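# Coordinate inspection notes
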Amino acid sequence: MLGEIGGEAEMRVVLETLLQAWEQNPATANRVVACLDRMGPAAAPALPRLRSELIRPRRGGRFASIGNDEELQRISRAIVERLA
């Protein structure tokens, strides 16, 4: 949302904030990835983090539930495919 309001000039700060939130609180993963999906090409610097999520042997996502994890994986995969 902040990226949409601030435009391109704010995208770097928004991206850094999202990735920090994800790192500090894994329960934010689904919401962070949904935001990254909306950011389009500006989310490209997050590709390493998204790729690492896709190869994790132990799954995460909000409340570590199967449904949330599947959604996290689906959106992460779509972003990686679109931006890679």
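Look a little higher up for the structure.
I will try to describe carefully the structure that is included in this document. Computed from a prediction, not measured in an experiment: that's the story for all the values here. (Residues numbered from 1 in each chain as written. Predicted model: local features only at pLDDT ≥ 70, side-chain atom pairs only at ≥ 80, totals over all residues. Heavy atoms only, no water.)

### Some points on the overall build of the chain
If you tally the helices and strands in the chain, you get five helices and zero strands. If you list the helices and strands of the chain from N to C, you get α-α-α-α-α. When each of the 84 residues of the chain is scored for burial, the buried share is 33%. Put simply, 60% of the contacts in the chain that link residues at least 6 apart link residues at least 24 apart. (Helix = DSSP H or I, 4+ residues; strand = E, 2+ residues; numbered from the N terminus. Buried < 20%, exposed > 50% of the residue type's maximum accessible area, 1.4 Å probe, protein only. Contact = heavy atoms within 4.5 Å.)

### Some words on the pattern of salt bridges
All chains considered together, the criterion is met by five salt bridges. Among the salt bridges present, the one from Arg82 reaches Asp37, with a minimum N-O distance of 2.5 Å. Of this pair, Arg82 sits in helix α5 (residues 66-83) while Asp37 sits in helix α3 (residues 29-39); the two residues are 45 residues apart in sequence, bridging distant segments of the chain. The partly exposed category is assigned to Arg82, whose relative accessible area is 46%. (Salt bridge = Lys/Arg side-chain N within 4 Å of Asp/Glu carboxyl O.)

### A word on the side chain of Ser76
Looking at the element boundaries, Ser76 is found in helix α5. Those residues in contact with Ser76 that lie beyond four places of it in its chain are Val33, Leu50, Glu53 and Leu54.

### What about helix α2 (residues 11-24)?
For α2, with 14 residues, the first-to-last C-alpha span of 20 Å sits near the 20 Å given by 1.5 Å per residue. Among all positions in α2, only Met11, Val14, Leu15, Leu18 and Trp22 are buried. Projected down its long axis, α2 carries its buried residues within an arc of 100 degrees, all on one side. Exposed side chains of α2 directed beyond 90 degrees from the buried face belong to Arg12, Glu23 and Gln24. (Expected span 1.5 Å × (residues − 1). Arc of directions from axis to C-beta.)

### Focus on α3
In an α-helix, one turn spans 3.6 residues, which is why side chains three or four residues apart end up on the same side. Those residues of α3 not exposed but buried are Ala29, Asn30, Val32, Val33, Leu36 and Met39. Downstream of α3 by one or two residues, Gly40 has phi in the positive range, about 65 degrees.

### Here's the deal with the packing of α3 against α5
As a packed pair, α3 and α5 sit with axes 10 Å apart at the nearest point and diverge in direction by 25 degrees. Judged by the angle between their axes, α3 and α5 are roughly parallel. Read as a crossing pair, α3 and α5 show a hand that is left-handed. On α5, the residues touching Ala29, Asn30, Val33, Leu36 and Asp37 of α3 are Asn68, Glu71, Leu72, Ile75, Ser76, Ile79 and Arg82. Residue classes in the contact of α3 with α5 are distributed as six nonpolar, three polar and three charged. (Axes fitted to C-alpha atoms, helices over the stretch in contact; angles between N-to-C directions. Parallel < 35°, antiparallel > 145°, perpendicular 65-115°, else oblique. Left-handed = near helix turned anticlockwise from the far one by under 90°. Nonpolar A, V, L, I, M, F, W, Y, C, P; charged D, E, K, R; others polar.)

### Remarks on the nonpolar core
Counting 19 residues, the largest nonpolar core has Leu18, Trp22, Val33, Leu36, Met39, Leu50 and Ile79 as its most contacted members. If you list the elements that add at least two residues to this core, you get α2, α3, α4 (47-54) and α5. Residues in contact with Leu50, not counting those within four places in the same chain, are Trp22, Val33, Leu36, Ser76, Ile79 and Val80. (Core = buried A, V, L, I, M, F, W, Y, C linked by side-chain atoms within 4.5 Å.)

Any functional reading would require information beyond the geometric quantities listed.
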